[in-house]
Amino acid sequence: MKVTNYISEAFQELKVNVSWPEWAEVQRLTIIVAVFSILFALLTFGIDKGFESLIANVYSFLNK
């Protein structure tokens, strides 16, 4: 019974007391997050490829 009460009160809290953003703001912020996520992924990929190349050069230098 406590769990059911908790869930019911949580939904009531979400309906009454939470101020939800406008749909246009949600879309704008979603696009911003998506763009930064893609940029961060590309940056991480570039750094990873750079270190891969660096390590390959170090190993090839050491094997000579």
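Our subject is the structure that appears above.
Please read these numbers as outputs of a predicted model, since none were measured by experiment.

Colleague: Can you walk me through the overall build of the protein chain in this structure?
Modeller: What the protein chain contains, in helices and strands, is two helices and zero strands. In terms of overall size, the protein chain is more extended than a compact globule, its C-alpha atoms giving a radius of gyration of 25 Å where 64 residues would be expected to give roughly 11 Å. The 64 residues of the protein chain split such that 0% are buried. As presented, the protein chain carries roughly 6300 Å² of accessible surface, and 70% of it is formed by carbon and sulfur atoms. Looking at the protein chain, you have 5 positive and 6 negative side-chain charges, and the mean spots of the two groups are 8 Å apart.

Colleague: I would appreciate a short explanation of the pattern of salt bridges in the present structure.
Modeller: Here the idea is simple: oppositely charged side chains can pair when their charged atoms come close. Under the counting rule described, the total for this entry stands at one salt bridge. Here Lys49 ties to Glu52 by a salt bridge, and the two come within 3.2 Å at their closest N and O atoms. Remark: Glu52 and Lys49 occur in helix α2 (residues 23-62); sequence separation between them is three residues, near one turn of the helix. On the basis of relative accessible area, Glu52 is assigned to the partly exposed category, the value being 45%.

Colleague: Before we go on, may I ask you to explain a nonpolar patch on the surface in this structure?
Modeller: Together, Phe40, Leu43, Ile47, Phe51, Leu54, Ile55, Val58, Tyr59, Phe61 and Leu62 line one region of the surface with nonpolar side chains, adding up to about 1100 Å² of accessible area. Of note, Ile55 is situated in helix α2.

Colleague: Is there a simple way to think about the environment of Thr30 in this case?
Modeller: Tracing the chain through its elements places Thr30 in helix α2. Look at Thr30 and you get partly exposed, because its relative accessible area is 48%. Residues Thr30 and Phe40, 10 residues apart in the sequence, show an inter-C-alpha distance of 15 Å.

Colleague: Any chance you could explain the environment of Ile31 here in plain terms?
Modeller: Of note, Ile31 is situated in helix α2. By relative accessible area, which is 56% here, Ile31 ends up exposed. Distance from Ile31 to Tyr6, taken between C-alpha atoms, is 34 Å for residues 25 residues apart in sequence.

What counts, and at which threshold
Residues numbered from 1 in each chain as written. Predicted model: local features only at pLDDT ≥ 70, side-chain atom pairs only at ≥ 80, totals over all residues. Heavy atoms only, no water. Helix = DSSP H or I, 4+ residues; strand = E, 2+ residues; numbered from the N terminus. Rg over C-alpha atoms; globule rule 2.2 N^0.38 Å. Buried < 20%, exposed > 50% of the residue type's maximum accessible area, 1.4 Å probe, protein only. Areas by Shrake-Rupley, 256 points an atom, 1.4 Å probe, with all protein chains shown as cover. Lys, Arg positive; Asp, Glu negative; His and termini not counted. Charge placed at Lys NZ, Arg CZ, Asp CG, Glu CD. Salt bridge = Lys/Arg side-chain N within 4 Å of Asp/Glu carboxyl O. Patch = residues over 30% accessible without salt bridge, like charges linked within 9 Å, V, L, I, M, F, W, Y side chains within 5 Å.

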